[in-house]
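One-letter residues, chain by chain:
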Amino acid sequence: MFSFSVIEHIPNDQEVLEEIHQLLRDDGGLIISVDSFHGFDPAMRAVHEAAFDVQKYFEKDELRELLERIGFRDVRVDPIFKSEFSERWFIRVMKNPKEYFGLFN
């Protein structure tokens, strides 16, 4: 199962992850990405949170502990988009989201 930047927008994220865990076969796997923006400009992070209805930003250890508590095994949490380039891109997008996301038109 694959989820790209969805869980952080769901108010009952733990309940959803528990249901996913129940649905997966014993040999199944879950690959997810979640927005964190850890260390990014707090003002830009707040713009993103409001613009995209983010319910919760996950920190690396917090996400790992949640998944393990639910029962996921072999949990690996790796940050992606953790560079100066990605931070500059994020700030650029948040200053003009209409340019990048048609949903604002």
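Read on for an overview of the structure. Quantities reported herein were computed from a predicted structural model and do not represent experimental measurements.

1. Thoughts on the packing of aromatic side chains
- Counted according to the given criterion, the structure contains 0 aromatic pairs.
- Across the ring face of Y57, the terminal group of R45 is positioned such that the distance to the ring centre comes to 4.2 Å.

2. Structural notes on the pattern of salt bridges
- Under the counting rule described, the total for this entry stands at 3 salt bridges.
- With a shortest N-O distance of 2.8 Å, K56 and E62 are connected by a salt bridge.
- Residue classification places E62 among the partly exposed positions, given a relative accessible area of 30%.
- Note that R64 and D61 form a salt bridge whose closest N and O atoms lie 2.8 Å from each other. Within this pair, R64 and its partner D61 are both found in helix α3 (residues 60-70), separated by 3 residues, close to a single helical turn.
- Judged by its relative accessible area of 23%, R64 is partly exposed.

3. Considerations on unusual backbone geometry
- The backbone of S5 sits at a positive phi, close to 55°, despite the residue not being glycine.
- Within the secondary structure layout, S5 lies in the loop between β1 (2-4) and α1 (13-23).
- Owing to a relative accessible area of 21%, S5 belongs among the partly exposed residues under this scheme.
- If you check the backbone angles, D74 has positive phi at about 55° while not being a glycine.
- Structurally, D74 can be placed in the loop between α3 and α4 (84-95).
- Relative accessible area serves as the criterion here: at 79%, D74 is assigned to the exposed category.

4. Focus: the nonpolar core
- L17, L67 and F72 are the most contacted members of the largest nonpolar core, which has 13 residues in total.
- Elements represented by at least two residues in this core include exactly α1 and α3.
- Top element by residues in this core is α3. It accounts for 4 residues.
- Non-local contacts of F72, meaning those with residues more than four positions away in its chain, are made with L17, I20, H21, L24, L30 and L67.
- Membership of the second largest hydrophobic core comes to 9 residues, among which are F37, M44, F52 and V93.

About the criteria used
- Residues numbered from 1 in each chain as written.
- Predicted model: local features only at pLDDT ≥ 70, side-chain atom pairs only at ≥ 80, totals over all residues.
- Heavy atoms only, no water.
- Phe/Tyr/Trp six-rings, centres within 6.5 Å; stacked < 30°, edge-to-face > 60°.
- Lys NZ or Arg CZ within 6 Å of the ring centre and 35° of its normal.
- Salt bridge = Lys/Arg side-chain N within 4 Å of Asp/Glu carboxyl O.
- Buried < 20%, exposed > 50% of the residue type's maximum accessible area, 1.4 Å probe, protein only.
- Helix = DSSP H or I, 4+ residues; strand = E, 2+ residues; numbered from the N terminus.
- Core = buried A, V, L, I, M, F, W, Y, C linked by side-chain atoms within 4.5 Å.
- Contact = heavy atoms within 4.5 Å.

Take it as geometry only, folks, not as evidence of what the structure does.
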